[in-house]
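Residue-level structure breakdown
These are the residues of each chain, in order.
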Amino acid sequence: MRDMNILWSKTINPGDRWSGNICKGRLLKFTAEGDGANLAMLMYNFHNLTEHYNAPDTLKAQHTFFLTKGHAIMSDCGRAMASIVEDELGWHDTVTGYTTRSMTDEKYGFTNYQQNGNDYLKSGQENFINELTKNGMSKRDLMPPINLFSKVEADETGNLIFYEDHCKKEMSVTIRTEMDIYLVLSNTPNPLDEKKEYPSVPVRVEVLPAPPVDGLDYCANFSKYTRRAFENTWEYNLLLGI
């Protein structure tokens, strides 16, 4: 049964991309429509596209290697752009990046638009660049994404291990926007996914209104560093009058 609070929804099919502007105070619920999903995500400040999600600051400040419920998604200006308010997976990859054209051709076989039309196998890098150009941005505005639904861990020797069975059908993660953002999504494989066939897992995105955030909010108080990022965002929004 459809949730009557849903403001907007869309299914991102395998290989597809999407970008759009989303105001603060929204819940973004991502749901895997099959086992083994991976949705790469970039995030920018709608009012200043040079401010963006910053993996090193997000991980270092919160003493983590991955993201899950409670964590803030921080910008390079030390602000909380969004936060993870619900999570059925417990781990989302922050370190493996996105697929490239050469990586995709090598792993899944050569395809291109000239021969295969819209059925050619897209790479994460291409998808991101194509969306960024819609806002006057380019390859230089890329940065490591968050790979929702994927778990990647380091073993004792430093090798990265991809967990193939981490995501099951209908698992979801919900992110709350703490500022007005420009969101970019790419439904392309995790670079460490060892499947020989291009993964085919649609992801459903639903946008809902979020309850007001107060000083006792779980995410805002997840750690003293998370709290500081929230306070920086509250100040930013207050001075902009948003």
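Residues numbered from 1 in each chain as written. Predicted model: local features only at pLDDT ≥ 70, side-chain atom pairs only at ≥ 80, totals over all residues. Heavy atoms only, no water.

A few words now on a nonpolar patch on the surface. On the surface, Phe 65, Val 95 and Leu 160 cluster together to form a nonpolar patch covering roughly 210 Å² of accessible area. Within the fold, Phe 65 resides in the loop between helix H1 (55–61) and strand S6 (66–67). (Patch = residues over 30% accessible without salt bridge, like charges linked within 9 Å, V, L, I, M, F, W, Y side chains within 5 Å. Areas by Shrake-Rupley, 256 points an atom, 1.4 Å probe, with all protein chains shown as cover. Salt bridge = Lys/Arg side-chain N within 4 Å of Asp/Glu carboxyl O. Helix = DSSP H or I, 4+ residues; strand = E, 2+ residues; numbered from the N terminus.)

Moving on, we come to empty space enclosed by the protein. Under the defined criterion, the tally for this structure stands at 2 cavities of 30 Å³ or more. Computed from the structure, the largest cavity encloses a volume of approximately 50 Å³. Lining the largest cavity we find Gly 36, Ala 37, Asn 38, Asn 187, Thr 188, Pro 189, Asn 190, Asp 193, Tyr 198, Pro 199 and Val 201. Of the residues assigned to the lining of the largest cavity, the class counts are 5 nonpolar, 5 polar and 1 charged. The computed volume of the second largest cavity comes to approximately 40 Å³. Forming the boundary of the second largest cavity are Gly 36, Ala 37, Phe 149, Ser 150, Lys 151, Phe 162, Tyr 163, Glu 164, His 166, Cys 167 and Lys 195. Its residues assigned to classes, the lining of the second largest cavity shows 5 nonpolar, 3 polar and 3 charged. (1 Å grid on protein atoms, 1.4 Å probe; cavity = no way out; pocket = protein on both sides within 12 Å on 5 of 7 lines; lining within 4 Å. Points joined across faces, edges and corners; volume = space filled by probe spheres on them. Nonpolar A, V, L, I, M, F, W, Y, C, P; charged D, E, K, R; others polar.)

The next point concerns a negative patch on the surface. Together, Asp 35, Glu 164, Asp 165 and Glu 194 make up a negatively charged patch on the protein surface. As for its placement among the helices and strands, Asp 165 is situated in the loop between strand S12 (160–162) and strand S13 (172–177). Of the residues examined, Asp 165 reaches a relative accessible area of 58% and is grouped as exposed. (Lys, Arg positive; Asp, Glu negative; His and termini not counted. Charge placed at Lys NZ, Arg CZ, Asp CG, Glu CD. Buried < 20%, exposed > 50% of the residue type's maximum accessible area, 1.4 Å probe, protein only.)

Under the definition given, this model contains 14 salt bridges. Residue Arg 17 is joined to Glu 131 by a salt bridge in which the shortest nitrogen-to-oxygen separation is 2.7 Å. Of the two residues, Arg 17 sits in strand S2 (residues 17–22) while Glu 131 sits in helix H4 (residues 124–132), which places them 114 residues apart along the sequence. Here Glu 126 makes a salt bridge to Arg 101, at a shortest N to O gap of 2.7 Å. One end of the pair, Glu 126, is in helix H4; the other, Arg 101, is in helix H2 (residues 101–108), with 25 residues separating them in the sequence. Residue Glu 126 is classed as partly exposed on the basis of its relative accessible area, which comes to 22%. Each of the salt bridges in this network shares a partner with another, and the network as a whole consists of Glu 33, Glu 170, Arg 204 and Glu 206.

With that out of the way, let us pick up the layout of surface pockets. Computed from the structure, the largest pocket encloses a volume of approximately 170 Å³. If you trace the largest pocket, you find it lined by Lys 24, Gly 25, Arg 176, Thr 177, Glu 178, Ala 210, Pro 211, Pro 212, Val 213, Thr 233, Trp 234 and Asn 237. At the level of secondary structure, the elements contributing two or more residues to the lining of the largest pocket comprise S13 and helix H5 (224–240). Element by element, the count of residues in the lining of the largest pocket is highest for H5, at 3 residues.

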